[in-house]
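Now for the letters of each chain:
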Amino acid sequence: GSPFQEHRFQIQRLMRAFKASLTPSGQILLWEYLSGWKELIKFMDSLGAAFGLVSRETQSKIGIMEQHQSGEHGHHYRTVQSMVAFELARGLVGFQSLPEDQPPSGCRTLLRLHRALKWLELFLHKLSTSRKDGAPSQMCAEAYREALAPYHRWWVRQAVALAFLALPSRQELYRLLCPEGEHQGQALLLGALGSISQVYNITQEVFASHQMLDLP
Ligand code: 1PZ
């Protein structure tokens, strides 16, 4: 293949990453989870400069997770479950705001990505069931209102609303998601959705069972 291939977004790779993040015993592997997010960054970057803020914010959250993974206690950051257990045991979760000199916890950082994954799930669902004349900007906005807006400050909501206006048409979006055509694109979207939902639901259960759904 082309030497540039891995720089291009591929929905197959997205699906594989989230699928691979799930172990048979229901653990979620963080490295694979984050590689799914890195694939999504490629997609955002293919949408143009208007999505720079969203892309940089996502990279920054991934960066924090990777710092934990490469740190002294990195081996505790192999799965979502082991990370939660470790940060709980050490009082590192940050149920109240952490002191400024401490890095953001893995739990509160993952929670941000986790909420955004809900946004993605809702959006992909809307897109895959939409009619030919559906407007992606509207689907994005609806999913955003439901999954993310309640957690975002005013200026963030304004910036995101602007980015949505810069979204391409439904046809163009499908082309970027899956150059092989809309028909195959729909099947791949559904496949990706399946893995994303599974990963989302398990993470949600883990966070809910430790009252970690609104960490500051
Ligand atoms: C089609 C692509 C458009 C997707 C847009 C979805 C909306 C994303 C909103 C991003 C906001 C960026 C500004 C910074 C927000 C932060 O305040 C929050 C909370 O973090 P904190 O301030 O508490 O540390 N950050 C987030 O919520 C992380 C959001 C990650 C963005 C993921 C986008 C999903 C993209 C999927 C691509 C198709």
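Whatever comes next refers back to the structure up there.
Note that this is a predicted model, so its numbers are computed, not measured.

1. Remarks on the site of the ligand
Taken together, 22 residues form the shell around the ligand, and within it Glu57, Lys61, Arg108, His152 and Arg153 come nearest. A distance of 2.7 Å separates a nitrogen atom of the ligand from a polar atom in the side chain of Glu57. Here Lys61 contributes a side-chain N or O atom positioned 2.8 Å from an oxygen atom of the ligand. Computed on the free molecule, the ligand has an accessible area of 830 Å², of which 92% lies beneath the protein chains in the complex.

2. Topic: the packing of aromatic side chains
Summed over all chains, the structure comprises six aromatic pairs. Between Trp119 and Phe123 the ring centres are 5.2 Å apart and the planes differ by 10°, which places this aromatic pair in the stacked class. Placement of both Trp119 and Phe123 in helix α5 (residues 106-128) is noted, with a separation of four residues, approximately one turn of the helix. Taken individually, Trp119 and Phe123 each receive the classification buried, so the pair is uniform in this respect. Through successive ring pairs, a cluster of aromatic residues spans Trp119, Phe123, Tyr144 and Phe164. Positioned above the aromatic ring of Tyr151, the side-chain terminus of Arg115 is 3.7 Å from the ring centre.

3. Some words on the pattern of salt bridges
Side-chain pairs of opposite charge can arise where the charged atoms are in close proximity. Going through the model one piece at a time under the given rule, you end up with 10 salt bridges. A salt bridge links Lys132 to Glu182; the shortest N-O distance between them is 3.5 Å. Of the two residues, Lys132 sits in the loop between α5 and α6 (136-147) while Glu182 sits in helix α9 (residues 182-209), which places them 50 residues apart along the sequence. Arg170 serves as the salt-bridge partner of Glu182, at 3.1 Å between the closest nitrogen and oxygen. Here Glu182 is found in helix α9, whereas its partner Arg170 is found in helix α8 (residues 170-177), with 12 residues between them in sequence. Take Arg170: its relative accessible area is 5%, and that puts it in the buried class.

Cut-offs used in this document
- Residues numbered from 1 in each chain as written.
- Predicted model: local features only at pLDDT ≥ 70, side-chain atom pairs only at ≥ 80, totals over all residues.
- Heavy atoms only, no water.
- Near = heavy atom within 4 Å.
- Polar contact = N/O pair within 3.5 Å; in protein donor to acceptor, adjacent residues only side chain to side chain.
- Areas by Shrake-Rupley, 256 points an atom, 1.4 Å probe, with all protein chains shown as cover.
- Phe/Tyr/Trp six-rings, centres within 6.5 Å; stacked < 30°, edge-to-face > 60°.
- Helix = DSSP H or I, 4+ residues; strand = E, 2+ residues; numbered from the N terminus.
- Buried < 20%, exposed > 50% of the residue type's maximum accessible area, 1.4 Å probe, protein only.
- Lys NZ or Arg CZ within 6 Å of the ring centre and 35° of its normal.
- Salt bridge = Lys/Arg side-chain N within 4 Å of Asp/Glu carboxyl O.

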